[in-house]
Amino acid sequence: MASVVVVGTQWGDEGKGKIVDLLTRYADFVVRFQGGNNAGHTLVVDGKQYIFHIIPSGILYEDKTCVIGNGVIIDPGVLLKEMASLAEKGLTVTPGKMLISSNAHLIMPYHQRLDVARENALSKDKKIGTTGRGIGPCYVDKVGRVGVKVGDLMDPSLFKEKLEAAIDEKNFVLKKQFNAEPVDLAAITDEFTRYAEQLAPFVGNVSVTLDKARKAGQNILFEGAQGTQLDIDHGTYPFVTSSNTIAGNACIGSGFGPSHIDEVIGILKAYTTRVGEGPFPTELPEGDAIGDTLQQKGHEYGATTGRRRRCGWFDGVVANDAVRLNGLTGFAVTKLDVLSGMKKIKLATQYDVEGTPYEYMPENIRLARAAKPVYEEVDGWSDELTDVRSYDDLPQEAKSYLKRVEDLTGIAPAIVSVGPGREQTLMLRNPFEKK
Ligand code: IMP
C-alpha cells in the first residue's frame, strides 16, 4: 500500500498527464486536490484522443476510482461536457468510478465573467495571462466565505439563498466597474438545477472514502495541477494561479493526513516553459533559434488555451525550490528527447540578482524579474531518444545531463520520459513499490 503525490516542479505543462497516466496503473484511487479547468492535458489511447480538464485521466482505466477533492473548484457545465465527451467515446462515467467532494466549490458563471473582465481591464504589464476560466474569482469567494459549494447545490433552498446573496454584488461589479454583461439569476437557477440532478449521484465525503481506502491497503495517487512556481504562496506572485499547487495541498485539498504520504514525485521537464505572464529567468525570447526549436520540437502550446508557451533552458534554481517546497523523493524527467541534436546544453545553477547570488527564486517580484541565470554548459547528444527503452541505452551525454540535474538538486530521477507514448518511458524506480 502506498500514497504517492505527483506535482509539477516548474510553471505547469511539465508532462504530468503522461506520468499520472502511467502511475495510475498501480493506483486504486486517483485524486485531484486543487485547481479547476485551467488545467488540461491530452492523452491518446488506442488511437482515440482524450482531453481532460477536470476528471482525472484514471477514468480511462476500468478499475480505478477518480476523486475530485474539496480543494478543486468545479465548473459543473465543463465537468458534465467532459463526461458527455467520454460517453461519446463509449466510456460511461458511473458513480462507482467518480466521487466529487461535497466541499468542493463551484465556479459560477459570474466568476468566469469577472476573470475575463478583470484581465481585460489591466494594463499590458499588469496582466496575469489567466486562462479565463474563473479560477481567481472563485477562490476569492471561497476564502471570503461567500462561495457556493457542491453540497449547497444539492440543497435547492440553500443554493437559492447563496446565489441570491451573491448575485447583486457580482452584477454591480460587472456592470459598474467593468462595463461587462451582468448574469441572469433565473437562467443560472435553471441551469444549475439541471446540473444538481446530474451530479447528485457522484457527490460524497472524499476524506472518509480515502481514509477507508488507505486502511484497506489500497494505493492512492494524488495528481497535482499547474506547477510549483504557480503556487499562490510560494510562486512568482502575482503571476501565479489562485491555489496551492505544492504537495502539502494534496492533504488539505482532499482531507488526507500528511503522515500517510509515502512519496512525492516532481515532474521536471528537461528544459523550462511558461505560459502566461511573469518572471522566467532562463527564457529564450521568441525568435531565438534554440527557444524556437524547443517550442516546435516540444509542441509547446497550452492544452487549455492553445497559447504558445515561452521556452528556455533548464533552471536548477526552480528545480531546487521544488525539491524543498514539495519534499520531493524523486523526479520524473520528461521530454528529454526534445534536447537531442543540441551541440551544447545549458543549465542554470543560480541567479545573479543585481550583483547578489541567489539560490532560490526571489520573493520580491521586481527582483525575480531582474534575476539573471548563471549557466554552466554540458555537451549535448545527436541521437534521437524516442526509441530508447532502457536507461543503459541512453547516450552517455544524456546520462551525464541527468546526473548533473541529480547532483544540482540531490534528487535522482525515478522515471525518464523520451516521448509522448506510454512505451516511451524508462521506469527506474516505481514509487508505488516500497523502498
Ligand atoms: P489562472 O489559473 O487561470 O488564474 O491563471 C493564472 C496563471 O497560471 C496564468 O499564467 C496561467 O497561464 C497559469 N496556468 C494556469 N493553469 C495552468 C496550467 O495548467 N498549466 C500551465 N499554466 C497554467
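Along every chain, residues carry numbers that run from 1 in the direction the sequence is written. Given that this is a predicted model, residues contribute local features only at a pLDDT of at least 70 and side-chain atom pairs are listed and counted only at 80 or more, while totals for whole chains, interfaces and linings are drawn from all residues. Hydrogens and waters are ignored; side-chain quantities use all the structure's heavy atoms.

Peer 1: Account for the overall build of the chain, with residues named and values stated.
Peer 2: Think of it this way: any DSSP run of H or I at least four residues long counts as a helix, any run of E at least two long counts as a strand, and we number them from the N terminus. Scanning the chain from terminus to terminus reveals 13 helices and 21 strands. Its C-alpha radius of gyration of 22 Å places the chain within 12% of the 22 Å reference for a compact globule of 435 residues. With the C-alpha coordinates aligned to their principal axes, the bounding extent of the chain is approximately 65 × 50 × 40 Å. Think of it in three bands: with a 1.4 Å probe and only protein chains considered, a residue is buried below 20% of the maximum accessible area for its type, exposed above 50%, and partly exposed in between. Split into buried and exposed, the 435 residues of the chain put 57% on the buried side. When checking whether two residues touch, look at their non-hydrogen atoms; a contact exists if any pair is within 4.5 Å. Restricting to contacts in the chain with at least 6 residues of sequence separation, those with at least 24 account for 76%. Using a 1.4 Å probe, accessible areas were evaluated by the Shrake-Rupley method; residue-level cover was limited to the displayed protein chains. As displayed, the chain has an accessible area near 18,200 Å², and 50% of this comes from carbon and sulfur atoms. Distance from the positive charge centre (50 side chains) to the negative charge centre (57 side chains) of the chain: 2 Å. All radius of gyration figures rest on C-alpha atoms, and the globule criterion is 2.2 Å times the number of residues raised to 0.38. His is not counted, nor are the chain ends; Lys and Arg add positive charge and Asp and Glu add negative charge. Here the site of a charge means atom NZ of a Lys, CZ of an Arg, CG of an Asp or CD of a Glu.

Peer 1: I'd like a rundown of unusual backbone geometry, residues and numbers included.
Peer 2: Omega for the peptide link from Tyr237 to Pro238 comes to 5 degrees, which places this bond in the cis form. Along the chain, the position of Pro238 falls in the loop between β10 (220-223) and α9 (248-252). At Asp46, a residue that is not glycine, the phi angle is positive and equals roughly 50 degrees. Along the chain, Asp46 turns up in the loop between β3 (41-45) and β4 (48-52).

Peer 1: Can you tell me about the domain arrangement of the chain, naming the residues and giving the values?
Peer 2: Accessible area lost upon the coming together of the parts is a frequently used measure of interface size. How far each domain reaches was decided by an automatic or database domain assignment. Here the domain parsing of the chain yields domain 1 (3-101 + 204-260), domain 2 (105-198) and domain 3 (268-427). On a C-alpha basis, the centres of domain 1 and domain 3 stand 24 Å from each other. Listed by partner, the interface residues are 34 residues for domain 1 and 36 residues for domain 3. As a working definition, buried area equals the accessible area (1.4 Å probe) given up by two parts on being put together, with both sides summed. Carbon and sulfur atoms supply 60% of the area buried between domain 1 and domain 3, which totals about 2,700 Å² over both sides. Salt-bridge detection follows one rule: a side-chain nitrogen of Lys or Arg within 4 Å of a carboxyl oxygen of Asp or Glu. Counting every contact that joins domain 1 to domain 3 gives two salt bridges. Arg309 is the salt-bridge partner of Asp13, the closest N and O atoms lying 3.3 Å from each other. Under the rule applied, a polar contact is a pair of N or O atoms within 3.5 Å (in protein, one hydrogen donor and one hydrogen acceptor; residues adjacent in sequence only if both atoms are side-chain atoms). Linking domain 1 with domain 3 are 16 residue pairs in polar contact (both at pLDDT 80 or more), by the criterion used here.

Peer 1: Residue-level account of the sheet that holds strand β1 (residues 3-8), with values.
Peer 2: Spatially, the 10 strands line up as an open sheet ordered β9-β7-β5-β2-β10-β1-β11-β16-β20-β21, and their pairing is mixed. Edge positions in the sheet fall to β9 (203-204) and β21 (425-427), since each has one partner strand and no second. At least two DSSP bridges between two strands are needed for those strands to be called paired. As judged from the five bridges shared by β1 and strand β11 (residues 263-269), these two strands associate in the parallel manner. The partner of Val6 across the bridge, within β11, is Ile265.

Peer 1: Go over the layout of surface pockets with me, naming the residues and quoting the values.
Peer 2: Regions of empty space are outlined by a rolling probe, equal in size to a water molecule, passed over the atoms. Space inside and on the surface of the protein is sampled on a 1 Å grid over the protein atoms alone, with a cavity defined as a set of points where a 1.4 Å probe fits but cannot get out and a pocket as an open set with protein on both sides within 12 Å along at least 5 of 7 lines; lining residues have an atom within 4 Å of a point. Grid points are joined across faces, edges and corners, and a volume is the space filled by probe spheres set on the points. Volume-wise, the second largest pocket comes out at about 260 Å³. Gly278, Pro279, Phe280, Glu283 and Arg310 are, among the 17 residues lining the second largest pocket, the residues nearest its centre. Looking at the lining of the second largest pocket, the elements with two or more residues in it are α12 (365-370) and β19 (372-379). Taken together, the residues of the lining of the second largest pocket sort by class into seven nonpolar, two polar and eight charged. Counting the residues that make up the lining of the second largest pocket, at least three belong to each of domain 2 (105-198) and domain 3 (268-427). For this classification, Asp, Glu, Lys and Arg are treated as charged, while Ala, Val, Leu, Ile, Met, Phe, Trp, Tyr, Cys and Pro are nonpolar and the rest, including Gly, are polar.

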